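Reading the structure
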Amino acid sequence: MKKTPENIYPIFDRLLQREAKEKMLNQKAKALWLTGLSGSGKSTIAQKLEAMLYQKGFYTQVLDGDNIRSGLNNNLGFSVEDRQENIRRIAEVSKLFVNCGMVTINCFISPTKSIRDFAKNIIGEDDFVEIYINAPFEVCEDRDVKGLYKKARAGEIKNFTGLDSPYEAPEQPALEIRTNESTVEEAAQLIFDYITPLLVKS
Ligand code: ADP
C-alpha cells in the first residue's frame, strides 16, 4: 500500500469516475508503453499511430521523452535518481489521462525491467500495454536521428543506452515490432490492429 503523506486527504472516490468519462468518449482507456533504443522508432510510430486512431474516433495523448523533458521534467537530468523521477512523473501523468478515459502513447527508452515495472505499478497492470520497439543497435546508430550516437561515441554523452548503459529487452511484451523489417506504416498498423479491440467500448 502506498503511504499517504501527513495532512493530505485525497478525494479520489468523490470525483466523477473513469467509467463515466469512458462512456462519454465511447472508448476504453489504456496506456501504451513504447520502449526501445534511441532511434528505434518510438516517436515516429507514435505519430502515425495517433493519426490512425484519431481517424477512427479514438482520443489519444502522446507523451514523448524530449517533449516532457522540455516542459514538466525540465529540471531533471540523467542521473539514476533523475531517470527514476522522470518515469515516475510520466507514469503519474499517464495515469491521470487514463482516468480521464484517454489512450496514452508513451514513448520512453525506459531501458530496464525495473523502470518499466515501476511505471506499470503506478499506471496499473490492467491498463499498461508494453510494446517493444525493437531495432538492432547498429541500425539505430546508423539512423542516428538526433546525432546522439555520434556524440556518445565521441564521449560527449555518458551512460548512453546500448553503448555504456544497458538496455534490457522486455521478456514478455504484449507486442514486439521489429522496425528494421517493416515500414513506419506497417509498424503502426501492427499496433493499431492489436490495440483497437481493447479500446472498443462493449
Ligand atoms: P525514437 O523515438 O525511438 O528515438 P525516432 O522515431 O525518433 O526514434 O526515430 C526513428 C527513425 O527510424 C526515424 O528516422 C524513422 O523514419 C526511421 N524508421 C525506419 N523504419 C522505421 C519503422 N519501421 N518504424 C519507425 N521508424 C522507422
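Structural data are supplied above this passage.
These notes cover the structure that comes with them. All residue numbers refer to positions counted from 1 along the written sequence of the respective chain. Local features in this predicted model are restricted to residues of pLDDT 70 or higher, and side-chain atom pairs are both shown and tallied only at a pLDDT of 80 or more, whereas totals for entire chains, interfaces and linings draw on every residue. To get the side-chain values, take all heavy atoms of the structure and skip hydrogens and water.

Quick look at the pattern of salt bridges now. The term salt bridge refers to a pairing of a side-chain nitrogen on Lys or Arg with a carboxyl oxygen on Asp or Glu at a separation within 4 Å. A complete count under the given rule lists 11 salt bridges for this structure. Between Glu85 and Arg88 there is a salt bridge, with the nearest N and O atoms lying 2.8 Å from each other. Of this pair, Glu85 and Arg88 are both found in helix H4 (residues 80-99), 3 residues apart, which corresponds to roughly one turn of the helix. Between Arg116 and Glu130 there is a salt bridge, with its nearest N and O atoms 3.2 Å apart. Of this pair, Arg116 sits in helix H5 (residues 113-123) while Glu130 is found in strand E4 (residues 128-134), placing the two residues 14 residues apart along the sequence. Glu130 shares its class with Arg116; the two are buried. Helix and strand definitions follow DSSP, with helices as H or I runs of at least four residues and strands as E runs of at least two, each counted in order from the N terminus. Only protein chains enter the area calculation, which uses a 1.4 Å probe; residues under 20% of their type maximum are buried, those over 50% are exposed, and those in between are partly exposed.

Glancing now at the state of the cysteines. Cysteine sulfur atoms are paired as a disulfide whenever they fall within 2.5 Å. Scanning the entire structure with this criterion turns up 0 disulfides. As a non-bridged cysteine, Cys100 has Cys107 as the owner of its nearest cysteine sulfur, 20 Å distant. No disulfide involves Cys140; its sulfur sits 14 Å from that of Cys107, the nearest cysteine.

Moving on, we get to the sheet that holds E4. Whenever strands of a sheet pair, they do so through backbone hydrogen bonds, lying parallel or antiparallel. Taken in spatial order, the 5 strands of this open sheet run E2-E3-E1-E4-E5, and their pairing is parallel. Pairing within the sheet leaves two strands with one partner each, and these edge strands are strand E2 (60-64) and strand E5 (175-178). Across the sheet, the axes of successive neighbouring strands diverge by a mean angle of 20°, strand direction being ignored. In this analysis, two residues are considered to be in contact whenever any of their non-hydrogen atoms come within 4.5 Å of each other. Angles run from 0 to 180 degrees between N-to-C directions of axes, and those axes are lines fitted to C-alpha atoms, restricted for helices to the stretch in contact. Set on the sheet, helix H8 (residues 184-199) makes contact with strand E1 (30-35), strand E3 (103-107), E4 and E5; between it and E5 the angle comes to about 165°. Two strands qualify as a pair provided DSSP detects at least 2 bridges between them.

Assignment of secondary structure puts Leu96 in helix H4. Once the C-alpha coordinates of Leu96 and Arg116 are considered, the two residues, 20 residues apart in sequence, prove to be 18 Å apart.

A few words now on the site of the ligand. Near the ligand you find 15 residues, and of these Gly39, Lys42, Ser43, Thr44 and Ser182 are the closest. For this analysis, a polar contact is any N or O atom pair within 3.5 Å, provided that within protein one partner can donate a hydrogen and the other can accept it, and provided that sequence-adjacent residues contribute only side-chain to side-chain pairs. Here Ser43 contributes a side-chain N or O atom positioned 2.7 Å from an oxygen atom of the ligand. Residue burial considers only the protein chains on display, and all accessible areas are found by Shrake-Rupley using a 1.4 Å probe. Relative to its free-state accessible area of 570 Å², the ligand is covered by the protein chains to the extent of 80%. In terms of residue count, the dominant contributor to the shell around the ligand is helix H2 (residues 42-55) (4 residues). Classifying every residue of the shell around the ligand by side-chain character gives 4 nonpolar, 9 polar and 2 charged. For each residue, the test is whether any non-hydrogen atom lies within 4 Å of the molecule or strand; if one does, the residue is near. Gly falls in the polar group here, along with every residue not listed as nonpolar (Ala, Val, Leu, Ile, Met, Phe, Trp, Tyr, Cys, Pro) or charged (Asp, Glu, Lys, Arg).

What follows deals with the nonpolar core. Remark: nonpolar core denotes a set of buried residues (Ala, Val, Leu, Ile, Met, Phe, Trp, Tyr, Cys) joined through side-chain atoms within 4.5 Å. Grouped together as the largest cluster of nonpolar side chains are 23 residues, with contacts concentrated most on Leu32, Leu34, Leu49, Leu53, Ile105, Ile131 and Ile191. Where this core is concerned, the elements lending two or more residues are E1, H2, E3, E4, E5 and H8. Contact partners of Leu49, with chain neighbours within four places excluded, come to Leu32, Ile105, Ala188, Ile191 and Phe192. Ala29, Ala31, Ala91 and Ile123 belong to the second largest nonpolar core, which has 15 residues in total.

Moving on, we get to a nonpolar patch on the surface. Patches in this entry comprise residues that are over 30% relatively accessible and not in a salt bridge; like charges within 9 Å are linked, as are nonpolar side chains (Val, Leu, Ile, Met, Phe, Trp, Tyr) within 5 Å. Where nonpolar side chains cluster on the molecular surface, the patch consists of Ile11, Phe12 and Leu15 and spans about 320 Å² of accessible area. Tracing the sequence through the fold places Leu15 in the segment before helix H1 (18-25).

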